[in-house]
Amino acid sequence: MKVSLASLLLAALSLAACDSKTATTGETATSKATVGAADSLVTDPAVAKTSGTQATATDEANATPGPDPKTIPAGKAGDAAGILARPQVPILCYHQIRDWTARDSKGAKDYIVPIAAFKAQMKMLADSGYHTVSPDQLYAYMTTGAKLPSKPIMLTFDDTDLDQFTIARPTLAQYGYKAMYFVMTVSLGRPHYMTKDMVKQLSDEGNVIGSHTWDHHNVKKYQGKDWEIQIDKPTKTLEDITGKKINYFAYPFGLWNPQAFPELKKRGFVAAFSLAEKRDQQDPLFTIRRIIASGYWSPKTLRNNIVQSF
C-alpha cells in the first residue's frame, strides 16, 4: 500500500503545522478548567445513556440532526466571545487507516493508523460513551449553545484515501457513528483513493462531505487564480457529486491566515477546520481545532489526549 502525496507533505510539515499531542499554551488553561464540563456539554437527558457500545449505537440511531447553518442568525455566528467561552468539542483527524509497511517513515506513522489500532480506538470511544456529532450540530452549539448529546465528539477524515471507505466506514457503522470527510478532489478515482460514487454514498448515508482543496496546496500561499483552482472548482465538483451545499472547509496541513477568512466566507463556507494550533480570537469559527489521532496511540493514550487537548 502507499503513502499519499498529501500525507508525505503532511509528515514533512507536521511539527511546524501543529502539535497534535496537547492543546497549545494559549488554550491549555481553558481546556483543563473545562474538562469536566466537556463530558456533558449542554447534555440532553434523552440521549444521556453511556453504558457501552449498545447504548451508544442506540443513541446514535436516535440522534437529532443539526439545523441548517443558514437558519442561524449571522449575529450569533459573529459573537466570538460567546463561542470562545464554550467548552471545545473534541475533534479527531484521521488520514490513512492501514497497517504499517517497512517503507513508512517514523513521521509518516503519525498519520497512518494500523487497522486493529483504529478499530480499538473506535471501540474505546463507544465503550466510553462518546457520541458523534455532525458539523451542523457543532456549528449550532458553538453559535447558539444548542444542546449536544452526552460526551460529544466529532470524527473527521482528510485526503480521500480509499481505506476511509473500505475500513473506517464499516467500523463506524458498528457503533452508528457518522463522520466528516474532507475530500481532496484531484485524487478522486485514482488508485488507492475513493471514487465519486463512494463519496456520494458516504453523503447519502448521513456523513458530511467537506472541501479540502484540489491538490492540498497551502492556503497561506494563494494568489490570483489559486482561489478558483483550489476552492471554487473543487467545491462545485463536490456539490455536483453529493447534490448538497458544501458548508465546511479544512485547511491543508492545518495552516491558515486571517486573510483566508473573507475569501472562504464569500464562497459560502460557514466554518473551517485547522489542527491543534490556537484558535483565532476574532474568528474562532474559521479556526476550529482538531487533533491528529496518531498511529502510535493506544486507545488509552487517545482518550488521555482527548481530555488534555480539549
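See above for the structure.
Below you will find a few notes about this structure. Everything numeric in this text was worked out from a predicted model, so none of it was measured.

**Topic: the overall build of the protein chain**
Per the secondary structure count, the protein chain includes 13 helices and 10 strands. Scored against the burial criterion, the 310 residues of the protein chain give a buried share of 56%. In the protein chain, of all internal contacts separated by at least 6 residues, the share reaching a separation of at least 24 is 72%. For the protein chain, the accessible surface area stands at approximately 12,700 Å², while carbon and sulfur atoms represent 56% of it.

**Some thoughts on the side chain of serine 274**
By the element assignment, serine 274 lies in the loop between β9 (271-273) and β10 (291-292). Taking relative accessible area as the criterion, serine 274 reaches 0% and is therefore assigned buried. When residues no more than four places from it in sequence are discounted, the contact partners of serine 274 are Tyr251, Gly254, Trp256, Thr287, Ile288, Arg289 and Arg290.

**Quick word on the pattern of salt bridges**
Taken as a whole and judged by the stated rule, the model has 12 salt bridges. Between arginine 169 and glutamate 205 there is a salt bridge, with its nearest N and O atoms 2.7 Å apart. With arginine 169 in helix α9 (residues 163-173) and glutamate 205 in the loop between α10 (196-204) and β7 (208-211), this residue pair connects regions lying 36 residues apart in the sequence. A relative accessible area of 24% means that arginine 169 is categorised as partly exposed.

**Some remarks on unusual backbone geometry**
Although it is not a glycine, threonine 160 adopts a positive phi angle of roughly 75 degrees. In this structure, threonine 160 sits in the loop between β5 (152-158) and α9. Under the relative-accessibility criterion, threonine 160 is labelled buried at 0%. At phenylalanine 253, a position not held by glycine, the phi torsion is positive, near 65 degrees. Its location among the elements puts phenylalanine 253 in the loop between β8 (248-250) and α12 (260-266). Take phenylalanine 253: its relative accessible area is 6%, and that puts it in the buried class.

**Describing helix α13 (residues 299-309)**
Along α13, the residues that are buried comprise Leu302, Asn305, Ile306 and Ser309. End-on view of α13: buried residues confined to an arc of 105 degrees, all on one side of the axis.

**As for the packing of aromatic side chains**
Counting across every chain of the model gives 13 aromatic pairs. The rings of Tyr94, Phe118, Phe157 and Tyr181 are connected pair by pair, giving a single aromatic cluster. Above the face of the phenylalanine 165 ring, arginine 169 is positioned so that its terminal group lies 4.8 Å from the ring centre.

**Quick look at the environment of threonine 56**
Its place among the elements puts threonine 56 in helix α4 (residues 53-61). Separated by 119 residues in sequence, threonine 56 and tyrosine 175 have C-alpha atoms that sit 6.7 Å apart. Excluding its chain neighbours within four sequence positions, the residues that come into contact with threonine 56 are Ala126, Gly129, Tyr130, His131, Tyr175 and Tyr177.

**Notes on the packing of helix α7 (residues 115-127) against α9**
At their nearest, the axes of α7 and α9 sit 10 Å apart, and the two run at 25 degrees to each other. Here α7 is positioned roughly parallel relative to α9, judged by the angle of their axes. When the axes of α7 and α9 are compared, the crossing they make is right-handed. From α7, Ile115, Phe118, Lys119 and Met122 reach across to α9, where they touch Ile167, Ala168, Thr171 and Leu172.

**As for helix α11 (residues 226-242)**
In a regular helix each residue adds 1.5 Å, so 17 residues correspond to 24 Å; α11 covers 24 Å between its end C-alpha atoms and thus fits that length. Buried within α11 are the following residues: Asp226, Trp227, Gln230, Ile231, Pro234, Thr235, Leu238, Ile241 and Thr242. Elements in contact with the buried residues of α11: β6 (180-183), α10, β7, β8 and α12. Looking one or two residues past α11, glycine 243 carries a phi angle of roughly 70 degrees, positive in sign.

Thresholds, definitions, all that
Residues numbered from 1 in each chain as written. Predicted model: local features only at pLDDT ≥ 70, side-chain atom pairs only at ≥ 80, totals over all residues. Heavy atoms only, no water. Helix = DSSP H or I, 4+ residues; strand = E, 2+ residues; numbered from the N terminus. Buried < 20%, exposed > 50% of the residue type's maximum accessible area, 1.4 Å probe, protein only. Contact = heavy atoms within 4.5 Å. Areas by Shrake-Rupley, 256 points an atom, 1.4 Å probe, with all protein chains shown as cover. Salt bridge = Lys/Arg side-chain N within 4 Å of Asp/Glu carboxyl O. Arc of directions from axis to C-beta. Phe/Tyr/Trp six-rings, centres within 6.5 Å; stacked < 30°, edge-to-face > 60°. Lys NZ or Arg CZ within 6 Å of the ring centre and 35° of its normal. Axes fitted to C-alpha atoms, helices over the stretch in contact; angles between N-to-C directions. Parallel < 35°, antiparallel > 145°, perpendicular 65-115°, else oblique. Left-handed = near helix turned anticlockwise from the far one by under 90°. Expected span 1.5 Å × (residues − 1).

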